[in-house]
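# Remarks on the overall topology
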Amino acid sequence: MKKLIEFELKKIFSKRLSLIVLIGLLVYSALTALSTYNNKYAFDGKSADGSGKAAVEIDKALGARYEGILTDEKVQQMMEDFALTYDLHGLNAAYIYQNAMQSAVFARFADMDGHWNGLSVSDVFGDEEIRIGYVDGWLSTSKNLVRVFMVLALAVIVMAAPVFSGEYEGVDNLILTSKYGKTKGTAAKVAASVIAALLVTALTAAFNLILAVVLYGKSGWDCSILFASSDYVEGFIPFNITCGTLIRYQVLMAFTCTLSVTGMTLLISAASKKQIVAFVASMALFLFPALLPLTETNPLFRYVGLLPFYHVQAISLLSVEQIGSGILYGVWAVPVAAVFVGIGGVVSSRIFLKHQIV
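Calculation criteria
Residues numbered from 1 in each chain as written. Predicted model: local features only at pLDDT ≥ 70, side-chain atom pairs only at ≥ 80, totals over all residues. Heavy atoms only, no water. Core = buried A, V, L, I, M, F, W, Y, C linked by side-chain atoms within 4.5 Å. Buried < 20%, exposed > 50% of the residue type's maximum accessible area, 1.4 Å probe, protein only. Helix = DSSP H or I, 4+ residues; strand = E, 2+ residues; numbered from the N terminus. Contact = heavy atoms within 4.5 Å. Phe/Tyr/Trp six-rings, centres within 6.5 Å; stacked < 30°, edge-to-face > 60°.

Glancing now at the nonpolar core. Formed by 96 residues in total, the largest nonpolar core has its most connected members in Leu 70, Phe 227 and Phe 286. In terms of residue count, helix α11 (residues 243-271) provides more of this core than any other element does, 13 residues in total. Once residues lying within four places of it in the same chain are set aside, the contact partners of Phe 286 are Met 150, Ala 153, Leu 154, Ile 157, Cys 257, Val 261, Met 264, Pro 308, Phe 309 and Val 312. With eight residues, the next largest nonpolar core counts Ala 30, Tyr 37, Val 56 and Tyr 134 among its residues.

Turning our attention to the packing of aromatic side chains. The relation between two aromatic rings is expressed through the spacing of the ring centres and the mutual angle of the planes. Under the definition given, this model contains six aromatic pairs. Taking 4.8 Å as the distance between ring centres and 65° as the angle between the ring planes, the aromatic pair formed by Trp 138 and Trp 221 counts as edge-to-face. Taken together, the residues Trp 138 in helix α7 (residues 136-160) and Trp 221 in the loop between α10 (181-216) and α11 connect sequence positions 83 residues apart. Considering the side-chain rings of Phe 286 and Phe 309, the 5.9 Å spacing of their centres and the 65° angle between planes classify their relative orientation as edge-to-face. One end of the pair, Phe 286, is in helix α12 (residues 275-287); the other, Phe 309, is in helix α14 (residues 308-312), with 23 residues separating them in the sequence. The buried category is assigned to Phe 309, whose relative accessible area is 9%. One aromatic cluster is present, built from ring pairs that chain together Phe 286, Phe 301, Phe 309 and Tyr 310.

The next subject is the side chain of Ser 348. Topologically, Ser 348 is positioned in helix α16 (residues 333-354). Its relative accessible area of 0% is what places Ser 348 among the buried residues. Not counting chain neighbours up to four residues away, the residues in contact with Ser 348 comprise Phe 164, Val 190, Leu 266, Leu 267, Ala 270 and Ile 343.

Right under this line is the structure:
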């Protein structure tokens, strides 16, 4: 069985299209990370400003200055340190951006003119203990991972679509009439597809996390995502979790997505006589939820949101609710993935084994 799985893995990774897609995925990851990094801008409110590396260094220095538990005293200190010295001409101070820390405090504690709005930390965050620091790097990485993991899911479809459909051009006769064709051979195809998906997901996640550490460092891993620049105030996860928890959830859901997609694609591959049909049908089925006008507030989203497409759209799924012990709703993606890969693996094998040999 081991030899058969190794053989099927070689078939998957030796295909030219698979190699092109994998290389393209890593290149896309690098370009996305570098583009975000180079477009950073920061001004410390006094004299230092810059973009790219300089901006990151300014934000990291400010993050280190105020790092720790957010208190009313720290809010007052930041409001004083970042006080505006020019007329806004009616512009809301919450949308003024000098640096990530200034934007975070202004978005929550400044009035229209940039003065303290009178709110305390407990007024804004309730009883939550908010640990602040340099979180901009990890939150930028989180945003990028949504796009990268979407491309990853499409790459897995490219690799899995030919697994069965690619054998319907006469090779199925050899497979199904061979000694292990109807037992170990078909099972090896399913196992190799799952292993390939896991390997590619692990490689992609590791590559992107290493890039994040190289570009931004490890700072902020244990800080709350709630005290971040204005870009993350609306439409982001509303729960007091750390950057590390967010990234771990996203990586977990990248695995659940690729496993789900693998199961779905194998089933379609076994039912399709042409590789291109299997590829297009799998792609269409995966992307279909994007056409549905659903948001996290819609009651149906609790169920539709568990489809593989929303596993990579982690921000939406993780925003649904917190369940017992602070665990986020997105954890339900794990059993969903098990169902997808289980049903996909079993049904695809049966379809392939029972089709008529010509």
